[in-house]
Amino acid sequence: MNITHPGFQVPSPLHLPEDEVHVWRLDLEAMQSGHERWLKLLSPDELVRASRFHFDRDRQRYAAGRAWLRNILAAYTGRDPAELKFSYSRKEKPSLNQPENNPVMFNVSHSGSVALLGFTRRREIGVDIEEIRANSDLDAIARRFFSGCEQQDFFPLPAEKRVPAFFRIWTRKEAYIKATGDGLSLPLSQFDVSLDPGSSDALISTRPESTEAGRWRLMEIGAGTGYAAALCVRGRDWKLRSWTETSD
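Residues numbered from 1 in each chain as written. Predicted model: local features only at pLDDT ≥ 70, side-chain atom pairs only at ≥ 80, totals over all residues. Heavy atoms only, no water.

S.K.: For the side chain of R217, give the residues involved together with the corresponding values.
M.R.: As for its placement among the helices and strands, R217 is situated in strand β9 (residues 216-220). As a buried residue without a salt bridge, R217 has its nearest oppositely charged side chain in D201, at a separation of 6.1 Å. Engagement of the side chain of R217 in a polar contact is seen with the backbone oxygen of S200, the distance being 3.4 Å. Within polar-contact distance, the side chain of R217 engages the backbone oxygen of W238 at 3.4 Å. Setting aside chain neighbours within four positions, we find R217 in contact with S200, L231, C232, V233, G235, R236 and W238. (Helix = DSSP H or I, 4+ residues; strand = E, 2+ residues; numbered from the N terminus. Buried < 20%, exposed > 50% of the residue type's maximum accessible area, 1.4 Å probe, protein only. Lys, Arg positive; Asp, Glu negative; His and termini not counted. Salt bridge = Lys/Arg side-chain N within 4 Å of Asp/Glu carboxyl O. Polar contact = N/O pair within 3.5 Å; in protein donor to acceptor, adjacent residues only side chain to side chain. Contact = heavy atoms within 4.5 Å.)

Have a look at this one:
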């Protein structure tokens, strides 16, 4: 579903049922012209984070992504986007300060000029997106971080198929550890994901608790040409809705 909101207007209110997962894809490159407008929505700590980027392009992309996050969360919660407050876990996973009886949960990822924003109600969520690019270090990274099962599937592939396969595996693993909130403190070799293209049930096994895999749904999601992306959400009784924003 493709929708555009001229002047950065998100429909409000937005309805987020407990059995739905909403994912927004943002073209940050197309939003650069609204940079001054984005900055007005950011908190002091977000402005500090933006200032740490060396290149103007990266600062503008960060500001656009955070402003959109605030506007979409405001539409889900009925609050003023500039007044939203965030907390960060010990592993730096962000959450919205809000009443606990009906919480909106979210996760964000960006790579290149694209950002993904995922939203749920009462469900842990992780999203990851990566720009697919050839790199001579991919095999070494796979040997270090992929599980034995994943390596058995990955290394027999022809060289030309390894690059997209690497990013399918990597985004799926990142989405899972972001959803759990453990970050890289959870060894990436401690669980197995599928490298099958288009998989909608990509978490194969978890260790040492084997039943943990059945508590999550991990799936590939479309992110556009040149990108790989994955979504992981607690529970299996939900359906996905997605939007694409392409301009300001």
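S.K.: Could you give an account of the packing of helix α4 (residues 138-145) against helix α6 (residues 159-180), naming the residues involved and the relevant values?
M.R.: Two numbers describe how α4 lies on α6: the axes approach to 11 Å, and their chain directions differ by 40°. Overall, the two elements α4 and α6 adopt an arrangement that is oblique. Crossing handedness for the pair α4 and α6: left-handed. Between α4 and α6, the contacting residues are L138, D139, I141, A142 and F145 on the first element and R162, V163, F166, F167, W170 and K173 on the second. Split by residue class, the contact of α4 with α6 holds 8 nonpolar, no polar and 3 charged. (Axes fitted to C-alpha atoms, helices over the stretch in contact; angles between N-to-C directions. Parallel < 35°, antiparallel > 145°, perpendicular 65-115°, else oblique. Left-handed = near helix turned anticlockwise from the far one by under 90°. Nonpolar A, V, L, I, M, F, W, Y, C, P; charged D, E, K, R; others polar.)

S.K.: How would you summarise the environment of D19 if you had to cite specific residues and measurements?
M.R.: If you trace the backbone, D19 turns up in the segment before β1 (20-27). With relative accessibility at 34%, the residue D19 sits in the partly exposed group. Here the alpha-carbon distance between D19 and L188, two residues 169 residues apart in the chain, equals 29 Å. Ignoring anything within four residues of it in the chain, the contact list for D19 reads R123, D237, W238 and K239.

S.K.: I'd like a rundown of the environment of E209, residues and numbers included.
M.R.: Residue position: E209 is located in the loop between β8 (203-206) and β9. As a C-alpha pair, E209 and F191 span 18 residues in sequence and 9.8 Å in three-dimensional space.

S.K.: Please set out the pattern of salt bridges residue by residue, giving values where relevant.
M.R.: All told, the structure shown has 17 salt bridges when counted by the stated rule. R123 serves as the salt-bridge partner of D237, at 3.0 Å between the closest nitrogen and oxygen. With a gap of 114 residues between them, D237 in the loop between β10 (227-234) and β11 (239-245) and R123 in the loop between β5 (114-121) and β6 (125-131) connect regions that are remote in the sequence. You can call D237 exposed: its relative accessible area is 55%. R123 gets classed as buried once you look at its relative accessible area, which sits at 11%.

The values are spatial; any link to function lies outside them.
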